[in-house]
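# Architecture at a glance
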Amino acid sequence: MNHNLQPINITHEVDIAIATSEARVLAEAVGFKQAEQYMIATAVSELARNIFHYAKEGKITIKIIEKGTQKGIEIIAQDNGPGIEDIDKAMTDHFSTGDGLGSGLPGVKRLMDEFEISSDSRQGTKVIARKLL
Amino acid sequence: MKGKNYLSKVVMNIIQGCLVVPIHGELYDESVLQIQRDVLEKIKNTGIKKVIIDLSGANVIDSFLGQVISDTVKMASMLGATTVLTGFKPEVVVSLIDLDFDFGDIQTAITLEDGFHKLQSRLTDEEIEDADDETTEAIEELEEPEEEEDES
Ligand SMILES: Nc1ncnc2c1ncn2[C@@H]1O[C@H](COP(=O)(O)OP(=O)(O)O)[C@@H](O)[C@H]1O
Ligand SMILES: [Mg+2]
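Model, not experiment: these values are computed from the prediction. (Residues numbered from 1 in each chain as written. Chains lettered and ligands numbered in written order. Predicted model: local features only at pLDDT ≥ 70, side-chain atom pairs only at ≥ 80, totals over all residues. Heavy atoms only, no water.)

## So, the site of ligand 1
All names here are of chain A.
- With respect to spatial proximity, 18 residues lie near ligand 1, and among them Tyr54, Ser96, Thr97, Gly102 and Leu105 are the closest.
- Within the backbone of Leu101, one N or O atom sits 3.3 Å away from an oxygen atom of ligand 1.
- Going through the elements one at a time, α2 (34-55) and α4 (104-111) are the ones with two or more residues in the shell around ligand 1.
- Per-element accounting of the shell around ligand 1 gives the leading share, three residues, to α4.
- Among the residues making up the shell around ligand 1, the classes are represented as seven nonpolar, 10 polar and one charged. (Near = heavy atom within 4 Å. Polar contact = N/O pair within 3.5 Å; in protein donor to acceptor, adjacent residues only side chain to side chain. Helix = DSSP H or I, 4+ residues; strand = E, 2+ residues; numbered from the N terminus. Nonpolar A, V, L, I, M, F, W, Y, C, P; charged D, E, K, R; others polar.)

## Considering the sheet that holds strand β3 (residues 70-79) of chain A
Residues and elements named next belong to chain A.
- Pairing is antiparallel across the open sheet formed by five strands, whose spatial order is β1-β2-β3-β5-β4. Looking at strand neighbours, the two that pair on one side only are β1 (8-10) and β4 (114-120), the edges of this open sheet. Ignoring strand direction, the axes of neighbouring strands in this sheet form an average angle of 20 degrees.
- Relative to strand β2 (residues 58-67), β1 is paired through three bridges, and the arrangement is antiparallel. Bridging from a neighbouring strand, Asn9 pairs with Lys59 of β2.
- The strands touched by α2 within the sheet are β1, β2, β3 and β5 (124-132), with β3 carrying the most contacts at an inclination of about 10 degrees. (Pairing = 2+ DSSP bridges. Axes fitted to C-alpha atoms, helices over the stretch in contact; angles between N-to-C directions. Contact = heavy atoms within 4.5 Å.)

## Some details on the nonpolar core
- A:Ile60, A:Ile73, A:Ile75, B:Val21, B:Ile43, B:Ile61 and B:Phe88 are the most contacted members of the largest nonpolar core, which totals 66 residues.
- The element that contributes the greatest number of residues to this core is α2(A), accounting for 10 residues.
- Not counting chain neighbours up to four residues away, the residues in contact with A:Ile73 comprise A:Leu26, A:Ala27, A:Val30, A:Phe32, A:Ile40, A:Ile62, A:Lys63, A:Ile65, A:Met112, A:Ala129, A:Arg130 and A:Lys131. (Core = buried A, V, L, I, M, F, W, Y, C linked by side-chain atoms within 4.5 Å. Buried < 20%, exposed > 50% of the residue type's maximum accessible area, 1.4 Å probe, protein only.)

## Focus: the interface of chain A and chain B
- Each side of the interface is counted separately: chain A has 32 residues, and chain B has 25 residues.
- Both sides of the chain A and chain B interface together cover about 2600 Å² of buried area, and 52% of this is carbon and sulfur.
- Sorting the residues of chain A by area buried against chain B places A:Glu13, A:Tyr38 and A:Leu101 first, and these three jointly supply 23% of that buried surface.
- Our count for the chain A to chain B interface comes out at one salt bridge.
- Across the salt bridge formed by B:Asp62 and A:Arg49, the nearest N and O atoms sit 2.8 Å from each other.
- Scanning the region where chain A abuts chain B turns up 10 residue pairs in polar contact (both at pLDDT 80 or more).
- Of all elements in the fold, only α1 (14-30), α2 and α4 of chain A reach the threshold of two or more residues within the side of chain A that touches chain B. (Buried area = accessible area lost by both parts, 1.4 Å probe. Salt bridge = Lys/Arg side-chain N within 4 Å of Asp/Glu carboxyl O.)

## Considering the environment of A:Lys71
All names here are of chain A.
- Mapped onto the secondary structure, Lys71 falls in strand β3.
- Sequence separation between Lys71 and Gly98 is 27 residues, and the spatial gap between their C-alpha atoms is 36 Å.
- Apart from the residues lying within four places of it in its own chain, the contact partners of Lys71 are Val30, Ile65, Glu66, Leu132 and Leu133.

## Re the side chain of A:Glu74
All names here are of chain A.
- Here Glu74 is to be found in strand β3.
- Residue Glu74 is classed as buried on the basis of its relative accessible area of 10%.
- At a separation of 2.7 Å, a polar atom in the side chain of Glu74 contacts the side chain of Arg130.
- Contacts of Glu74, omitting those with residues within four sequence positions, involve Thr61, Ile62, Lys63, Ile65, Ile128, Ala129 and Arg130.

Below, the structure written as structure tokens:
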């Protein structure tokens, strides 16, 4: 059984729920405990929601990774949207250009073990987040 | 709204004098906000004083859903109704803390039965504090094993 998933296109709101459920299934397959499966699924929900809200469309790729003997999950959230003007601000709790809580991105960073973000107005936004077993 | 219309009405029941609102798996912004409006309207129209929002069927509670739910609890309280959120498994609480979610004085319970119990036994302030302690204990239990992993 191949547990690596095809990229999930986020174009409709329903895709947020699809990506979230798939993340959970994959996290369980890798062997994450229930609380960690839930953290990974929550991170995917936040990233997919950001794509849907701010970029309108994009994609989420969820992969099983191996670092030495350690297994884990990698989430890549990518879009060609307007980009984030000030990443430092966006990574601060309670900063939102919408009417959100503003803790999605900093929350994903806390929920996962590794976090990378790059963004500009021409290429859109890319977030890579990993959690290891 | 873009895409197909996935709006579905939540079936709310009044059980033992409590308005029970079950939140199910796949939720969309618009349907969550619709549930909020429906709950508030029901409270206004029936004068009901006790509400249970059962989140056990929710896929995940992310910052968006968390915010709408907590707003609903605050608005319900302005209308004179006390709300207990049920279906709060410990892992949900842990993730919400990572999302810097402020519980404020929102009451939670793990099972629907506990939720009923909390509402039916007319909460005193002390009981509310006890309930908070329970949640804190559940969180501490969950966080401890993680700390051990960090050291290894
Ligand atoms: N994919 C994205 N494209 C463009 N801007 C984004 C994206 N993701 C996040 N942002 C920006 O970063 C801010 C913070 O995001 P987040 O922490 O998820 O909080 P919230 O979504 O509640 O505003 C958003 O308000 C938005 O301005
Ligand atoms: Mg967000």
